Amino acid sequence: MKADGTIVARKLCKSFGSHQVLREIDLTVSAGEISCIIGPSGSGKSTLLRCVNGLETVDRGVLRVNGEDFGYVEKDNAYHAVRPQRLTEQRARIGMVFQQFNLFPNMTAESNVMSGPVLVKKTDRRTARERAQELLAQVGLSGCGHKYPAQLSGGQQQRVAIARALAMDPSIMLFDEPTSALDPELVGEVLGVMRDLAHNGMTMLLVTHEMGFARDVADEVLFMDDGIAVERGDAREVLANPKEKRTQEFLERVL
Amino acid sequence: MSTTTTTSPTGSRPLPGLLPEHKKRITPKRPHDYLCWAAAIAVVAGLVYTTVTNENYQWPVVFSYFTTRSILDGLLLTLVLTVVSMGLGTLLGLLLAIMRMSHQPPISGLAGLYITFFRGTPVLVQLIFWFNIAALYPNVSLGIPFTDISTPVDVNALMTPLTAAIVGLTLNEAAYMAEIIRGGFASVSRGQYEAADSLGMSGFTRLRHVIIPQTMPAIIPATGNQVIGMLKGTSLVSVLGVAELLNSAQSIYARTYQTIPLLIVASLWYLIMTLALSVPQSMIERRFSRSTRRQAAVATATKESLL
């Protein structure tokens, strides 16, 4: 089972009905690289991210995740959808963090973190619990394991969500606007956890409006507008000296 | 003059003790407050007076029949009918709800058709219909297709009043339960499915451990209401001659002509049972009322859920 932590997309296309959301997107994320997708709302950033773990299906183009075609196998002149079981295997190696946290409200923080290993990987409970406690400590939440999501602040919930994704030992982490639903004073704690992850060599692809974080941590930035990859390159370079006019306009508005 | 003595706002009379900031605020009772009480008391008093003085109520008869053998047997059958029809109806309702949510249009359409039909026609009519189903299908043959193994079934003998009652109540209840269960599933946000998917959960694991526990706060209180409704609804099967509570009362007053006292006996028993059910019902409702006590509800909904 390969899991080399890479993402490669070539001429990726996706439409919702007649509305084309992704127009021939190219994207390469090497192992251990941090890549940020930025752009105005409705530009297709989240859709691109969601394609990478199969929450949306791709219409056309190449999508290789962890060194293999994702969700489909190439046979003859077409891509054939894989069986659901195979798809869940591929997904289990990709961690996803959502804007709205999406913690399971019926489980404690610890059970949330344990849910993947226990229910999917069939890890025995004791091992999973020890690992969950480690991960909760890693995101600065030791002692909060017994609490339900409703008893945690937004920032704490999002950190539990990160721990839950990490519990599956993913080779890639996807973040879909992880701090957009948080009160301003809680953003820092979540970014801190993400920063630690980045330093530990995790491959990360994130959609974000945190330009400061992108500048400090990201290796590469992809600017999207209206489903098109307008500009792609070294993070500090693109943010400091954008070449494209649309990128310049966008950055002027958000910075 | 002491320092704690203040004068009233009008300045007419000094009041000892209380500073203005410590004074109670009083809303005086107005005439219509008393009027409401008077009207309500008058109505209740009138009702009590007539029930006590009107001989036609025949209270002694009510008491003498209250715990008669046949009434108690009828009561038991009412409870059995409620439990059986509710149980089977819930199971079938779950199946229908799952079909209704299917992505296959023919499957969800079929369930939709069922729900529309059974909710759109009166239960009473349905019950009589099932009792007379033999007129439509006198003989049904149960067997394995493409083999010689089959058993002919005489529908007329099979469809006893009790079978017709259970079939009718179950099929009707299933349609309502299907909608309640579907509503429960609709209350779970899309993000929960996505989070489960992103962890690589299979469809069944996702349903069993993530989705179903979250549907309970919406489903359980509504189901409690259905149980109470079903308990009263069983009285309809008296028309088929099933000896449940109402029918037992009817067969006594058919002999004795003490119609009113026996209807009172039946009503009192229905009232006792619905009250008995409404206590746990309101407790459950308070537990699961999501807006006010979300955390407690979620916590209890899931004590047994996962880990």
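Residues numbered from 1 in each chain as written. Chains lettered and ligands numbered in written order. Predicted model: local features only at pLDDT ≥ 70, side-chain atom pairs only at ≥ 80, totals over all residues. Heavy atoms only, no water.

Digging into the overall build of chain B
No. 1: Along the backbone of chain B there are twelve helices and four strands.
No. 2: Split into buried and exposed, the 307 residues of chain B put 36% on the buried side.
No. 3: A separation of at least 24 residues holds for 68% of the contacts in chain B among residues at least 6 apart in sequence.
No. 4: When the accessible surface of chain B is split by element, carbon and sulfur atoms take 67% of a total near 18,500 Å². (Helix = DSSP H or I, 4+ residues; strand = E, 2+ residues; numbered from the N terminus. Buried < 20%, exposed > 50% of the residue type's maximum accessible area, 1.4 Å probe, protein only. Contact = heavy atoms within 4.5 Å. Areas by Shrake-Rupley, 256 points an atom, 1.4 Å probe, with all protein chains shown as cover.)

Considering the nonpolar core
The nonpolar side chains of a soluble globular protein tend to be buried with one another.
No. 1: Counting residues in each nonpolar core, the largest one holds 121 residues, and the members touching the most others are Ile162(A), Met173(A) and Met204(A).
No. 2: It is helix α7 (residues 161-186) of chain B that contributes the most residues to this core, eleven residues altogether.
No. 3: Not counting residues within four places of it along the chain, the set of residues in contact with Met173(A) comprises Gly95(A), Val97(A), Ile162(A), Ala165(A), Leu166(A), Leu197(A), Met202(A), Thr203(A), Met204(A) and Leu205(A).
No. 4: Among the nonpolar cores identified, the runner-up in size contains 19 residues, and Leu245(B), Ala249(B), Ala266(B) and Met273(B) belong to it. (Core = buried A, V, L, I, M, F, W, Y, C linked by side-chain atoms within 4.5 Å.)

A short note on a nonpolar patch on the surface
No. 1: A contiguous nonpolar patch, built from Phe129(B), Leu136(B), Tyr137(B), Val140(B) and Leu142(B) and spanning about 520 Å² of accessible area, is present on the exposed surface.
No. 2: Positionally, Leu136(B) belongs in the loop between α5 (123-131) and β3 (139-143). (Patch = residues over 30% accessible without salt bridge, like charges linked within 9 Å, V, L, I, M, F, W, Y side chains within 5 Å. Salt bridge = Lys/Arg side-chain N within 4 Å of Asp/Glu carboxyl O.)

Quick notes on the pattern of salt bridges
All names here are of chain A.
No. 1: Here the structure, examined in full by the defined rule, presents 20 salt bridges over all chains.
No. 2: For arginine 50, the salt bridge is made with glutamate 56, and the minimal N-O distance between the two is 3.1 Å.
No. 3: In this structure glutamate 56 comes out as buried when scored by relative accessible area, which is 17%.
No. 4: A salt bridge links arginine 159 to glutamate 189; its shortest N-O distance comes to 2.9 Å. Note that arginine 159 is positioned in helix α5 (residues 154-166) and glutamate 189 in helix α6 (residues 184-199), a separation of 30 residues in sequence.
No. 5: For glutamate 189, a relative accessible area of 28% translates into the label partly exposed.
No. 6: Through salt bridges that share partners, Glu68, Arg86, Glu89 and Arg93 make up one connected network.

Details of the UniProt feature "domain: ABC transmembrane type-1" (unreviewed entry) in chain B
No. 1: Within this structure's numbering, the places UniProt gives as "domain: ABC transmembrane type-1" (unreviewed entry) are residues 75-281 of chain B.
No. 2: Within the segment residues 75-281 of chain B, helix and strand shares are 75% and 5% respectively, and the terminal C-alpha atoms sit 21 Å apart. (UniProt positions renumbered as here; feature names shortened; annotations may be inferred.)

Points about the sheet that holds strand β9 (residues 172-176) of chain A
Residue and element names in this part refer to chain A.
No. 1: Taken in spatial order, the six strands make up an open sheet running β8-β9-β10-β3-β11-β12, and their pairing is mixed. In this open sheet, the two edge strands, each paired with only one partner strand, are β8 (94-97) and β12 (228-234). In this sheet, neighbouring strand axes are inclined to one another by 15° on average, regardless of whether the strands run parallel or antiparallel.
No. 2: In the sheet, strand β3 (residues 34-38) pairs with strand β10 (residues 203-207) via four bridges, with the strands oriented parallel. Within the sheet, the bridge partner assigned to isoleucine 34 lies in β10 and is methionine 204. (Pairing = 2+ DSSP bridges. Axes fitted to C-alpha atoms, helices over the stretch in contact; angles between N-to-C directions.)

Observations regarding the sheet that holds strand β5 (residues 68-69) of chain A
Residue and element names in this part refer to chain A.
No. 1: Spatial ordering of the open sheet is given by β2-β1-β4-β5, a layout of four strands whose pairing is antiparallel. Because the sheet does not close on itself, it has two edges, and the strands there are β2 (19-29) and β5.
No. 2: In this sheet, β5 lies alongside strand β4 (residues 60-65) in antiparallel orientation, the contact comprising two bridges. Pairing of arginine 64 across the sheet is with aspartate 69, part of β5.

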